[in-house]
Amino acid sequence: MDFMGRNACDASAQHSRTLLEMITRHGYLPLMLLGLNGFGLWLASRGASKVLLAALLIGAIAASFVAERIAPYEPAWNAARGDVGRDFAHALVNEGLQIGSLLALPLTVEHFGVEGLWPNGWPFVVQVLAAVVVADAGITLAHWASHKAPALWRFHAVHHSVERFYGFNGLLKHPLHQLFETAVATTPLVVLGLPTAVATALVFMVGIQLLLQHSNVDYAVGPLRHVLALNSVHRFHHYRWAGVGDVNFGLFTNIWDRLLGTASWDEQKRFTSDDLGIDKRPEFPTRYLAQIADPFRRSPAIPADESGTRRAG
């Protein structure tokens, strides 16, 4: 092939890569937020096997990993740092806890639910959206409390120890903190008599949202950043400095953060690994069992920043 031919091939390949990146940037959010969530809700409304929904969620994780390589926000975050096995362990344990909570739900609602409170006559999608709003309020408050109370922060710190942002980060949580957040988020729903099908859809949507919120995909957000808790907003929550990252606590929306006065982001800010982690603990353990044991091993100092926010160092 002559020089001109090679240049034409190179230009064609570059054009294809650019086109694929553009499609990914603009198609990733609709695919996850509308396509996969919509399919998951449809399956849940028909009583589909939880195994099938789990398979769909695994497919979403795979799609997220592919998209991160096509259109990354920060290419360096795609490189593993010896953390893949640990993150997989966190994901396995925490998803197992979610499934266990679902299996226990009918018995829990039977004992603690108040009959007649849940709006069973509403369309299924509206019931799920109502559950999302209630759960998001609980998660936001539990998350906010986890940055204020030293005893809670000790467990929540595991999630903030990451120094690269990618899809699996959302499932990197201490299991006891996962149980705490789940209890705060779902207790009102249990009392209201949340149906199992709606709960199944909610758990699936939580998995999708955690991917969206922590993804390394540089996906187009537009004005949705003012309503939804997406990655361009949530990165500010992971600032490494005490007090500075005490913003944007919501999982699904920014509604409750606006009411709390904790909604904050700068659209011009560009994040790197230097902005992430826990400033006072650069030596935070990186292996799974060490992270599980960490809250029980130290008595961290709790410095107050200039605004009075308290957070474990």
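Parameters and conventions
- Residues numbered from 1 in each chain as written.
- Predicted model: local features only at pLDDT ≥ 70, side-chain atom pairs only at ≥ 80, totals over all residues.
- Heavy atoms only, no water.
- Phe/Tyr/Trp six-rings, centres within 6.5 Å; stacked < 30°, edge-to-face > 60°.
- Lys NZ or Arg CZ within 6 Å of the ring centre and 35° of its normal.
- pLDDT = per-residue confidence, 0-100.
- Helix = DSSP H or I, 4+ residues; strand = E, 2+ residues; numbered from the N terminus.
- Contact = heavy atoms within 4.5 Å.
- Salt bridge = Lys/Arg side-chain N within 4 Å of Asp/Glu carboxyl O.
- Buried < 20%, exposed > 50% of the residue type's maximum accessible area, 1.4 Å probe, protein only.
- 1 Å grid on protein atoms, 1.4 Å probe; cavity = no way out; pocket = protein on both sides within 12 Å on 5 of 7 lines; lining within 4 Å.
- Points joined across faces, edges and corners; volume = space filled by probe spheres on them.
- Nonpolar A, V, L, I, M, F, W, Y, C, P; charged D, E, K, R; others polar.
- Polar contact = N/O pair within 3.5 Å; in protein donor to acceptor, adjacent residues only side chain to side chain.

### Considerations on the packing of aromatic side chains
Right, on to step 1. Counted according to the given criterion, the structure contains 12 aromatic pairs.
Right, on to step 2. Members of the aromatic cluster, connected to one another through ring pairs, are Phe 236, Tyr 239, Trp 241 and Phe 271.
Right, on to step 3. Taking NZ or CZ as reference, Lys 269 lies 5.3 Å from the ring centre of Phe 271, over its face.
Right, on to step 4. Taking the ring centre of Tyr 73 as reference, the NZ or CZ of Arg 270 above it sits at 3.9 Å.

### Side note on the confidence of the model for the protein
Right, on to step 1. Across the protein, the average pLDDT comes to 89, with 90% of residues at 70 or higher.
Right, on to step 2. Per-element confidence in the protein is highest for helix H4 (residues 124-148), whose mean pLDDT is 97, and lowest for helix H1 (residues 3-45), whose mean pLDDT is 81.
Right, on to step 3. Contacts of residues 301-313 to residues separated by more than four positions or lying in other chains number 38 contacts, the stretch itself having pLDDT below 50.

### A look at the pattern of salt bridges
Right, on to step 1. Applying the stated rule across the entire model yields 10 salt bridges.
Right, on to step 2. When the shortest N-O distance is used, the salt bridge between Arg 240 and Asp 279 registers 3.8 Å. Taken together, the residues span a long stretch of sequence, with Arg 240 in the loop between helix H8 (231-234) and helix H9 (255-260) and Asp 279 in the loop between H9 and helix H10 (288-293) at a distance of 39 residues.
Right, on to step 3. For Arg 240, a relative accessible area of 12% corresponds to the buried category.
Right, on to step 4. Its salt-bridge partner being Lys 269, residue Asp 275 comes within 3.3 Å of it at the nearest N-O pair.
Right, on to step 5. Taking relative accessible area as the criterion, Asp 275 reaches 8% and is therefore assigned buried.
Right, on to step 6. Overall, Lys 269 belongs to the partly exposed group, its relative accessible area being 26%.
Right, on to step 7. Where salt bridges share partners, they join Arg 281, Glu 283 and Asp 294 into one cluster.

### Side note on unusual backbone geometry
Right, on to step 1. A positive phi is found at Asn 248, a non-glycine position, where the angle reads about 55 degrees.
Right, on to step 2. Tracing the chain through its elements places Asn 248 in the loop between H8 and H9.
Right, on to step 3. Overall, Asn 248 belongs to the buried group, its relative accessible area being 2%.

### A look at the layout of surface pockets
Right, on to step 1. Taken as a whole, the largest pocket spans an internal volume of roughly 660 Å³.
Right, on to step 2. Gln 98, Thr 182, Ala 183, Ala 185 and Thr 186 are the residues nearest the centre of the largest pocket, which is lined by 38 residues in total.
Right, on to step 3. When contributions to the lining of the largest pocket are tallied by element, the ones reaching two or more residues are helix H3 (84-112), H4, helix H5 (150-160), helix H6 (175-192) and helix H7 (196-214).
Right, on to step 4. Element by element, the count of residues in the lining of the largest pocket is highest for H6, at 11 residues.
Right, on to step 5. When the residues that make up the lining of the largest pocket are grouped by side-chain class, the tally is 20 nonpolar, 16 polar and 2 charged.
Right, on to step 6. For the second largest pocket, the calculated volume is near 430 Å³.
Right, on to step 7. Lining the second largest pocket are 20 residues, with Ala 54, Leu 57, Ile 58, Glu 95 and Ile 99 sitting closest to its centre.
Right, on to step 8. Of all the secondary-structure elements, those providing two or more residues to the lining of the second largest pocket are helix H2 (50-70), H3 and H7.

### Some details on the environment of Thr 140
Right, on to step 1. The topology assignment puts Thr 140 in helix H4.
Right, on to step 2. Judged by its relative accessible area of 0%, Thr 140 falls in the buried class.
Right, on to step 3. It is 9.5 Å that separates the C-alpha atoms of Thr 140 and Val 184, two residues lying 44 residues apart in sequence.
Right, on to step 4. Residue contacts for Thr 140: discarding those within four places in its chain leaves Phe 249, Gly 250, Leu 251, Trp 256, Asp 257 and Leu 260.
Right, on to step 5. At 2.7 Å, the side chain of Thr 140 forms a polar contact with the backbone oxygen of Asp 136.

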